[in-house]
Amino acid sequence: MSDTPVQTSATVLTVRQVQDYHALTLVAPAIAERFRPGQFVALAVGGEHTARLVRRCFGVYEVKPDYGGTVELVFADREPGTAWLAGRRSRDRLDLVGPLGRPFRLPRDPVSCLLVGGGPGGAALFALADTLHRRGCQVHFVLGGPSGGQVFGSRMARRIGDSATVTTEDGSLGEKATVRDVLPRVIQETGADVVYGCGPTDLLRSVTQVAGEYGLPSQVSVESFLRETGACGIGVCMTCMLPMHGEDGVTRMVRACADGPVLRGDRVRWGDLGTIPFDALGAPRVLAVAEGGDA
Amino acid sequence: MNTALMETRLGGLELPNPLLTASGCGGTGRELAQFFDLNRLGAFVTTSVTARPRAGRPTPRMAETPSGLLTAMGLPGPGIEGFVERDLPWLAEQGVRTIVSVAGNSVEEFGELARRLRGVPGIAAIEVNVACPNVEDRGRMFAWHPGAAAAVVRAVRTHARPGVPVLAKLAPDVTDIVTIALACVDAGADGLTLINTIEGLAIDTGTLRPALTGVSGGLSGPALRPVALRCVYQVHAALPGTPIVGVGGVASGLDALEFLLAGASAVAVGTTLFHDPTAVPRILRELEEALTARRIARVADVVGLAHKPAGHVPPQVRPEPPVPVPDPGEAKEKPS
Ligand SMILES: Cc1cc2nc3c(=O)[nH]c(=O)nc-3n(C[C@H](O)[C@H](O)[C@H](O)COP(=O)(O)OP(=O)(O)OC[C@H]3O[C@@H](n4cnc5c(N)ncnc54)[C@H](O)[C@@H]3O)c2cc1C
Ligand SMILES: Cc1cc2nc3c(=O)[nH]c(=O)nc-3n(C[C@H](O)[C@H](O)[C@H](O)COP(=O)(O)O)c2cc1C
Ligand code: FES
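Chain B is annotated in an unreviewed UniProt entry as Dihydroorotate dehydrogenase of Actinomadura viridis. UniProt, in the comment section headed Catalytic activity (unreviewed entry), describes chain B in these words: "(S)-dihydroorotate + A = orotate + AH2". What UniProt records for chain B under Pathway (unreviewed entry) is the sentence "Pyrimidine metabolism; UMP biosynthesis via de novo pathway."

In the annotation of an unreviewed UniProt entry, the entry for chain A reads Dihydroorotate dehydrogenase electron transfer subunit, and the organism field reads Actinomadura viridis. Taken directly from UniProt, the Sequence similarities (unreviewed entry) text for chain A runs: "Belongs to the PyrK family."

If you want it as structure tokens, here you go:
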């Protein structure tokens, strides 16, 4: 089966600085050929005998057939694990698992699509844009970040997008605004039929909310939540849970990695992330105190 | 040279090899099956099954610590009904030998779980997760008291199908684990799983608060290994006839061998699976190679060997020459 993920030793092709981020290109043909936009990879950091046991999950910026199949990721090197990654050199080997998770669902018809990204999360939208274009869809971008250096891919978006709106909080690039400020206007101007999002949780919440106000479906990748909470990326550790209500109205705790990272925005209980809502299936009952349970 | 025979036994349960998954670390089985054939396992140990569905604790549930993981999950899971309807039949269909781990908040609940599993086919053994909060004793773990631990083992043994081995899984943070082990065996445990996680704490220096919502959590991974080995060694010395599953930070074939030498008949891999989903077949291969290199014919021949006086250990145990550890940074072809 070619849609199952693989674990592979990938060779580093390049590591380069892109604005405030690092872009890492890996030769991993088996992952490149299976990849669908929205899926992610889980990397082991620190080398074979490392004391760091948690895999780091990253969305994929681009896969290319060159060099037998490459996978490119974009990340900020704030933590020790990502700093280690940023220090890799070409020909180094990395232990990579992927592609993981559910991809973005694609519209069947050539509709108008709005792709909203924040920070390095914007990177995961470019593979999607490519696929949508090939299906005859219109692709409009909204990219935002605190400052110009933290908006990934604004030039690329201008080049390949049918339109591109860039916002920064400090006004150093594009409009001095938040993504949320400009979304209603862009939705109206572009006549968007669906909204896709990838970035920080607050941004995804806004995307979902504004899309909902216009009656549009939203598909968002909770990749950054996964990066903060996940340990395995493959669905076995249960550390990346978030509350989601299903078709039947019942709230369940789902895994950001294996049930996501792409989720229907309107199903995620954004306000309850990091909690177990009292009405979730299997939530500690009100009697939990009296029960003294492990709640 | 012939390769080593890997068969092992846990009381009445015969296994083709000593490598198991640790409870709570192998998901439902479906996730790992994407990476390797679960039939390569000695047995698959399920996540502890509870009487009712449980959402578990809020995130963050995990913190990375040196050579370890700190987790406070709150036993999330579908509950016994969901497990028996969806997860167990899938494992049975694949022909995976399955050890079902059970967890309850009262002796009564443990009994109920064993009763519920009684008529269900496809169960190789039951593992009793004794490291559960005991509601009737102010939430203190069963595993902390010989009497409480024995009571849950007895309840499971009474209600479980006769002939299905019952393993008691103990927690390490007690004054004397041997006393607890003895109590469990007296209460009818056919074997022991040693150990569950040890309680620890991590503080987030960014938020200046405990890193986990549950404040303290269970330490797992290689950091736990010396503690686990000590427990296996002590219990095997006191109860040499009782089969032991060694658990705690197994990441390589030599780690597994250490546990066998300390007295374990089988070894379970937990946290390492998060790091390396194909760890079990790799560890199995490494263990096989390690035994062969030491000219040891059968797994059974090494169980408890570390307890033998120095003179009694076969002289050829140190394999020569030492195998260099390959650096992942330098692959076969060195840049010229
Ligand atoms: C952007 C977009 C464009 C579309 N375009 C078209 C189109 O052009 N033509 C057309 O005919 N249709 C279109 N559709 C509809 C689409 O084909 C699907 O019918 C729709 O997305 C529902 O299928 P799904 O698999 O995405 O949803 P679901 O199966 O509901 O899954 C959505 C997410 O919900 C989570 N989930 C699933 N079950 C549960 C549960 N019980 N509890 C909690 N969480 C759960 C999963 O994690 C999953 O990621 C479009 C949909 C979207 C979002
Ligand atoms: C995320 C996680 C979940 C666990 N869940 C269970 C469980 O449900 N039942 C149980 O008996 N042990 C559970 N454990 C403990 C493991 O089975 C094992 O005893 C412990 O982690 C030590 O082994 P390791 O170092 O190989 O991980 C869990 C451990 C972790 C890290
Ligand atoms: S990261 Fe392990 S289950 Fe999602």
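Tell me what's going on with the UniProt feature "binding site: substrate" (unreviewed entry) in chain B, and back it up with residues and numbers.
Residues and elements named next belong to chain B. Summarizing the sequence annotation, UniProt attributes the feature "binding site: substrate" (unreviewed entry) to Asn129, Asn196 and Thr197 in the numbering used throughout. For this annotated set, covering 69 residues, all C-alpha atoms fall within 11.2 Å of each other, a compact arrangement in space. The topology assignment puts Asn196 in the loop between strand S12 (191-194) and strand S13 (198-201). Residues contacting Asn196, with those up to four places away along its chain left out, are Asn129, Ala131, Lys169, Leu170, Ala171, Pro172 and Leu224. Looking at Asn196, its side chain comes within polar contact range of the side chain of Asn129, at 3.2 Å. Along the polypeptide, Thr197 turns up in the loop between S12 and S13. Take Thr197: its relative accessible area is 27%, and that puts it in the partly exposed class.

Go over the UniProt feature "domain: FAD-binding FR-type" (unreviewed entry) in chain A, please, and point to the residues and values.
Residues given the UniProt feature "domain: FAD-binding FR-type" (unreviewed entry) here are residues 5-106 of chain A. The span residues 5-106 of chain A is 13% helical and 44% strand by assignment, and the distance between its end C-alpha atoms comes to 21 Å.

With reference to specific residues and values, describe the domain arrangement of chain A.
Residue and element names in this part refer to chain A. Looking at chain A, the domain boundaries give domain 1 (6-100) and domain 2 (112-272). Computed from C-alpha atoms alone, the centre-to-centre distance between domain 1 and domain 2 is 21 Å. If you look at the interface, domain 1 gives 19 residues, while domain 2 gives 27 residues. Buried surface at the junction of domain 1 and domain 2, summed over both partners, amounts to about 1,900 Å²; 65% is from carbon and sulfur atoms. Among the residues domain 1 hides against domain 2, the three largest losses belong to Tyr21, Cys57 and Tyr61. Together they make up 31% of the total. The interface formed by domain 1 and domain 2 holds five residue pairs in polar contact (both at pLDDT 80 or more) in total. Where the side of domain 1 that touches domain 2 is concerned, the elements lending two or more residues are strand S3 (40-43), strand S4 (56-59) and strand S7 (93-100). A per-element tally of the side of domain 1 that touches domain 2 places S4 first, with three residues. Here the side of domain 1 that touches domain 2 is composed, by residue class, of 14 nonpolar, three polar and two charged.

Talk me through the site of ligand 1; I want residue IDs and the actual numbers.
All names here are of chain A. The local shell around ligand 1 holds 17 residues, among which Arg105, Arg108, Gln219, Met244 and Asp259 are the closest. Measuring from an oxygen atom of ligand 1, one finds a backbone N or O atom of Arg108 at 2.9 Å. A distance of 3.3 Å separates an oxygen atom of ligand 1 from a polar atom in the backbone of Asp109. Computed on the free molecule, ligand 1 has an accessible area of 960 Å², of which 69% lies beneath the protein chains in the complex. Tallying contributions element by element places strand S16 (residues 262-264) first for the shell around ligand 1, with three residues. Taken together, the residues that form the shell around ligand 1 break down as seven nonpolar, two polar and eight charged.

Help me get a handle on the packing of aromatic side chains, residues and values and all.
Residues and elements named next belong to chain A. By the definition in use, this model includes seven aromatic pairs over all chains. Residues Tyr61 and Phe126 carry aromatic rings whose centres are separated by 5.9 Å and whose planes lie at 85° to one another, so their mutual orientation is edge-to-face. With a gap of 65 residues between them, Tyr61 in the loop between S4 and strand S5 (62-64) and Phe126 in helix H3 (residues 125-134) connect regions that are remote in the sequence. As far as burial versus exposure is concerned, Tyr61 and Phe126 are alike and both buried. Ring geometry for Phe126 and Phe152: centres 6.3 Å apart, planes at 75°, overall edge-to-face. Taken together, the residues Phe126 in helix H3 and Phe152 in the loop between strand S9 (138-145) and helix H4 (154-160) connect sequence positions 26 residues apart. Of the two residues, Phe126 and Phe152, neither departs from the other in class, the shared state being buried. An aromatic cluster is present here, built from Tyr61, Phe126, Phe141 and Phe152 joined pairwise through their rings. The ring of Trp84 has Arg88 lying over it, and the distance from NZ or CZ to the ring centre is 3.9 Å.

Help me get a handle on the interface of chain B and chain A, residues and values and all.
Between chain B and chain A, the contact holds 48 residues from the first and 45 residues from the second. At the boundary of chain B with chain A, total buried surface from both sides reaches about 3,600 Å², with 59% on carbon and sulfur atoms. Among the residues of chain B in contact with chain A, Glu64, Phe274 and His275 of chain B are the three that bury the most area, contributing 18% of the side total. Linking chain B to chain A there are three salt bridges. The set of elements that each furnish at least two residues to the side of chain B that touches chain A consists of helix H1 (30-33), strand S5 (62-65), strand S6 (68-71) and helix H8 (272-275) of chain B. Looking at side-chain class alone, the side of chain B that touches chain A contains 23 nonpolar, 17 polar and eight charged residues.

Which residues make up the packing of helix H7 (residues 253-262) of chain B against helix H9 (residues 279-293) of chain B, and what values do they have?
Residues and elements named next belong to chain B. In contact at an axis separation of 7 Å, H7 and H9 are set at 65° when each is read in the N-to-C sense. With respect to the hand of their crossing, H7 and H9 are arranged in right-handed fashion. Taking contact as the criterion, the partners of Gly253, Leu254, Ala256, Leu257 and Leu260 in H7 are, on H9, Ile283, Glu286, Leu287, Ala290 and Leu291.

Tell me about the sheet that holds strand S3 (residues 19-21) of chain B, and please be specific about residues and values.
All names here are of chain B. Spatially, S3-S18-S17-S12-S11-S8-S7-S4 is the arrangement adopted by the eight strands of the open sheet, whose pairing is parallel. Each edge of the sheet is formed by a strand with only one pairing partner; in this case those strands are S3 and strand S4 (44-45). Sheet topology places S4 next to strand S7 (residues 98-102); two bridges connect them, and they run parallel. Residue Val45 lies in a different strand from S7, and its bridge partner there is Ile99.

Conventions we followed
Residues numbered from 1 in each chain as written. Chains lettered and ligands numbered in written order. Predicted model: local features only at pLDDT ≥ 70, side-chain atom pairs only at ≥ 80, totals over all residues. Heavy atoms only, no water. UniProt positions renumbered as here; feature names shortened; annotations may be inferred. Helix = DSSP H or I, 4+ residues; strand = E, 2+ residues; numbered from the N terminus. Contact = heavy atoms within 4.5 Å. Polar contact = N/O pair within 3.5 Å; in protein donor to acceptor, adjacent residues only side chain to side chain. Buried < 20%, exposed > 50% of the residue type's maximum accessible area, 1.4 Å probe, protein only. Domains from an automatic or database assignment. Buried area = accessible area lost by both parts, 1.4 Å probe. Nonpolar A, V, L, I, M, F, W, Y, C, P; charged D, E, K, R; others polar. Near = heavy atom within 4 Å. Areas by Shrake-Rupley, 256 points an atom, 1.4 Å probe, with all protein chains shown as cover. Phe/Tyr/Trp six-rings, centres within 6.5 Å; stacked < 30°, edge-to-face > 60°. Lys NZ or Arg CZ within 6 Å of the ring centre and 35° of its normal. Salt bridge = Lys/Arg side-chain N within 4 Å of Asp/Glu carboxyl O. Axes fitted to C-alpha atoms, helices over the stretch in contact; angles between N-to-C directions. Left-handed = near helix turned anticlockwise from the far one by under 90°. Pairing = 2+ DSSP bridges.

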